Structures are given as structure tokens and as C-alpha cells.
Amino acid sequence: MTTGPGLDAVRQERFAGRMVQVLNDACIGYLCSLGHRTGLFDAMAPLPPSTSTRIAKAADLDERYVREWLGGLTVAGVVEYRPEDGTYRLPPEHAASLTRAAGPENMASLLQDLALLGTVEDEVLDAFRRGGGVSYSSYPRFQELQAEETGRVYDVALVDAIVPLADGLTERLRAGIDALDIGTGQGHAVNLLAQAFPASTFRGVDISEKGIAAARDEAERLGLDNVRFDVADTAELTGSYDLITAFDVIHDLARPARTLEAVAAALRDDGVFLMGDISASSNLEENIGHPLGPALYTFSVFYCMTVSLGEGGAGLGTVWGRQRALQMLGDAGFGDISVEQVEGDILNVYYVARK
Ligand SMILES: C[S@@+](CC[C@H](N)C(=O)[O-])C[C@H]1O[C@@H](n2cnc3c(N)ncnc32)[C@H](O)[C@@H]1O
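Residues numbered from 1 in each chain as written. Predicted model: local features only at pLDDT ≥ 70, side-chain atom pairs only at ≥ 80, totals over all residues.

The name that an unreviewed UniProt entry assigns to the protein is Class I SAM-dependent methyltransferase, with the source organism given as Streptomyces antnestii.

Structure (C-alpha cells):
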């Protein structure tokens, strides 16, 4: 072991061990992402202890690859292996965090982000050296993954837990109001609201043509006639609304301050701005120990801050935090703001803002 004057050898060894664990855990993340994308976790969950041949057949995959994947997840402690008969089992307690049936608890779905972020590492490295950022077009799977990740949360929580955070909003939506969702992505949140509140009208805007095309497709599949989607910039809003929503959007924007002003201007006097954003502090020292702290800063470096800087924007970053958000909402003209949380959601807080 390398030692030197003043070096705490125990601390050094402990940290070296931790870094080995980091390597292993990161690799487990990739295997879990594959387990999600291949459908292997979903296929294994209902099976009794089974051979790799049976598991591969159940998932309609190549056995050699499945066996290697099972090996990795066995030594990782994710899958159980019985050498006597060469069978593998996904314990139900683990399936509860790894299968599509787990809904918002499915961490394997979120782990797909590792590979997505890895594809832009060279461009991010370049931005560290030269400044600037990375363009949205460098993340071809982003819209699809984002919609998958947030969609499962909206399915269970949007109508019953998130909308009621704003006093009286459910009743107003039932009675019929005009609503706008900015940075709507693939528009699933808007389509769910349009379905749940047929007397209200909804509009979703995003700069992503791919996102808006998917949003329109879903609205058509659902036969919704109270929703429309447009490719538009959040900083240049048109129309006036009783409700404006922004879910996981403001910190990504090139012009967040201009957008918040545009939201305030487009909101009718008794309107509500419901802004879901990352639950974190604006003070770094208060984020130490945050259960998702390292992931949040990593998403920021590889995506959120970097796409904003890529457009010459503010680069707020994923972890802009509550204090900064409140200050910017205040600067934009919101005088009445409450910060709410949905039980079990460690990722987001919801700002219910009125003028
Ligand atoms: C993190 S995603 C959130 C998507 C969606 N709200 C959700 O909850 O899944 C942020 C979205 O903001 C969009 N966006 C970024 N800059 C924008 C801009 N200037 N105008 C409109 N949309 C923008 C992106 O295309 C992306 O779909």
C-alpha cells in the first residue's frame, strides 16, 4: 500500500475499498438496466427457481447472454443461485424494485439513464475543456426514457396526489378551466389530466418535435378532444390560462427566468402555477446525505446543466434547490408560494405559486 507522511492508512484503505464497491455497483447498474430492457426481470419474477435455459426461453433471449447476466447478478446478490440443480431465482423482495409491475418503485427503469449518459461522455469532456454544452440532439433516447420514468409516477400520483396539493384545483378542473403544461415532453401528464377532467381544456408545449409527436399520438389513441400539443419555446408563451404546470423542466431551460416571467404573464389573476422540481437545497452542504445526492449532480453534469449551457443558457443545474427556486419565482411576480411534497416521492417538491 502507498503510504506517506501524515497519511491515515486506515482511512486510505477504507476509501480504496469503497471505490472498488463503486465500480461493482456501477456495473450492477448496467446489468439491471439490461434486465429491464430485455424483460428478464419481468420474466423471472413469476418463475420458480429455473435454469438459464428456461429463463432465456421465458424472455425469448439467447441463453449464453442470459447465463452471463445471471452470473453477474448472482455474485451481486440480486439473483439467488442453487448450484445443486443450476437454478436461479429472483426473490420477490428484489422483484419489488426491479419489475415493471413495481411501477414507481422500479429502479431498474431508472438505471437505463447510466447508458444514456455514457453516450455523451466525450462531448461532456469536451465541454469541461472548452465551455459550452451538449445539444439535445445528442440524447436520442432521452424523450422515451424520461416519459417512461415520469409516466409511471403520473399514473399513480398525478390526479390523486399532485393536483390536490393546490387547494381547490381539483374542483376547478372538474368545473372546467384552461390549462397549459410547459416542457411537456411526450405529454403523458397532460393526457392523463385531459382524461380525468373532460370539462377542462389542456395544451402542452415542448421544443422537442419527437416529444410532441408522441404526445399527439397518445392523445389520438385515447380519443381526447380537449387537448392540443404544440412545438413551442417555454420562454415565448401565447394565450392565457387558469393553470400552468411545469414538471421537472425549469432547471433544464436555457432561459428559466424569462420563462417564469412568461408563465406569470400568461396566468390569469386567480391562476395557479404548479411547478414540480428537484427536492434539494441550494446550499451544497445541505445536500450531503441526500439519498439521491450523487445521482442528482451526475444527471446535472451529463444532462440538465449541460443542455442549458449548450444553448448558451443559464445552466441552473439539477440541484438549483428550493431557495433559488423561491427567489426566482418571487422575482417573476409570484407573491404567494407554498412548497409541498407527495408522500414517498424523494425526488421532487411541488411549488404551488399564485400571483
Ligand atoms: C426533463 S424533461 C421533462 C418532461 C416532462 N415534463 C416530464 O415530466 O416527463 C424537460 C423537457 O423540457 C423540454 N424543454 C427544454 N427546453 C425547452 C424550451 N426552451 N421550450 C420548451 N420545452 C423545452 C425538453 O425538450 C424536455 O422535454
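Within the protein one finds 15 helices and nine strands. Over its C-alpha atoms the protein spans a radius of gyration of 23 Å, differing by no more than 12% from the 20 Å that the globule rule assigns to 355 residues. The principal-axis extents of the C-alpha atoms in the protein amount to approximately 70 × 60 × 35 Å. Here the protein, with 355 residues, has 37% of them falling under the buried criterion. (Helix = DSSP H or I, 4+ residues; strand = E, 2+ residues; numbered from the N terminus. Rg over C-alpha atoms; globule rule 2.2 N^0.38 Å. Buried ≥ 20, exposed ≤ 12 C-beta atoms within 10 Å, placed from the backbone.)

Further remarks concern the site of the ligand. The full set close to the ligand counts 21 residues, and Thr150, Gly183, Gly185, Ser208 and Phe247 are the nearest of them. Class assignment for the residues of the shell around the ligand results in nine nonpolar, eight polar and four charged. (Near = placed C-beta within 6 Å. Nonpolar A, V, L, I, M, F, W, Y, C, P; charged D, E, K, R; others polar.)

Right, let's talk about the pairing of strand S7 (residues 267-278) for a bit. Regular strands show a simple pattern: their side chains alternate between the two faces of the sheet. In terms of residue burial, S7 counts as a mostly covered element, since nine of its twelve residues are buried. Pairing geometry for strand S6 (residues 241-247) and S7, over six bridges, is parallel. Bridged to Phe247 within S7 is Gly276. Chirality of the crossover, the property in question, places the unit of S6, helix H13 (residues 256-266) and S7 among those that are right-handed. Bridge count between S7 and strand S9 (residues 348-354): six bridges; the pairing is antiparallel. Among the inter-strand pairings, Asp277 is bridged to a residue of S9, identified as Val349. (Pairing = 2+ DSSP bridges. Right-handed = clockwise from strand over helix to strand, strands pointing away.)

Per the UniProt record, "domain: Methyltransferase" (unreviewed entry) is found at residues 175-287. Within the segment residues 175-287, helix and strand shares are 30% and 31% respectively, and the terminal C-alpha atoms sit 41 Å apart. (UniProt positions renumbered as here; feature names shortened; annotations may be inferred.)

At a minimum axis distance of 9 Å, the contact between helix H9 (residues 142-162) and helix H11 (residues 188-196) shows a crossing angle of 25 degrees. With respect to H11, the element H9 is oriented roughly parallel. Where H9 crosses over H11, the handedness of that crossing is right-handed. In this structure, H9 uses Ala147, Gly151, Tyr154, Leu158 and Val159 to contact H11, whose residues at the interface are His188, Ala189, Leu192, Leu193 and Ala196. Here the residues of the contact of H9 with H11 are counted per class, giving eight nonpolar, two polar and no charged. (Axes fitted to C-alpha atoms, helices over the stretch in contact; angles between N-to-C directions. Parallel < 35°, antiparallel > 145°, perpendicular 65-115°, else oblique. Left-handed = near helix turned anticlockwise from the far one by under 90°. Contact = placed C-beta atoms within 7 Å.)

With domains assigned, the protein is organised as domain 1 (9-110) and domain 2 (115-354). Using only C-alpha atoms to locate each centre, domain 1 and domain 2 end up separated by 32 Å. Taken together, the contact between domain 1 and domain 2 spans seven residues of the former and six residues of the latter. Split into classes, the residues belonging to the side of domain 1 that touches domain 2 amount to three nonpolar, four polar and no charged. (Domains from an automatic or database assignment.)

Interaxial distance between helix H3 (residues 52-59) and helix H4 (residues 63-75) falls to 9 Å at its minimum, and their mutual angle equals 115 degrees. In terms of their interaxial angle, H3 and H4 are classed as roughly perpendicular. By crossing handedness, the relation of H3 to H4 is classed as right-handed. Of H4, the residues touching H3 (which contributes Ser52, Thr53, Ile55, Ala56 and Ala59) are Glu63, Val66, Arg67 and Leu70. Looking at the contact of H3 with H4 residue by residue, the classes come out as five nonpolar, two polar and two charged.

Looking now at the environment of Ala264. Its place among the elements puts Ala264 in helix H13. What makes Ala264 partly exposed here is the crowd of 19 C-beta atoms within 10 Å. Put simply, Ala264 and Val227 are 37 residues apart on the chain and 22 Å apart in space, counted from C-alpha to C-alpha. Non-local contacts of Ala264, meaning those with residues more than four positions away in its chain, are made with Ala332, Gly333, Phe334 and Lys355.

Residues that lie three or four places apart on an α-helix share one face, since the helix turns once every 3.6 residues. If you check which residues of H13 are buried, you get Pro256, Thr259, Leu260, Ala262 and Val263. In a view along the axis of H13, the buried residues occupy a sector of 160 degrees, so they form one face of it. Elements in contact with the buried residues of H13: S6, S7 and helix H15 (321-331). (Arc of directions from axis to C-beta.)

By definition, the strands of a sheet pair up through backbone hydrogen bonds, in either a parallel or an antiparallel sense. The strand order across the open sheet built from seven strands is S5-S4-S3-S6-S7-S9-S8, with neighbouring strands paired in mixed fashion. At either margin of the open sheet sits one strand with a lone partner, and together these are strand S5 (227-231) and strand S8 (336-340). When strand polarity is set aside, the average angle formed by the axes of neighbouring strands in this sheet is 15 degrees. Where S8 meets S9, five bridges bridge the pair, whose relative direction is antiparallel.

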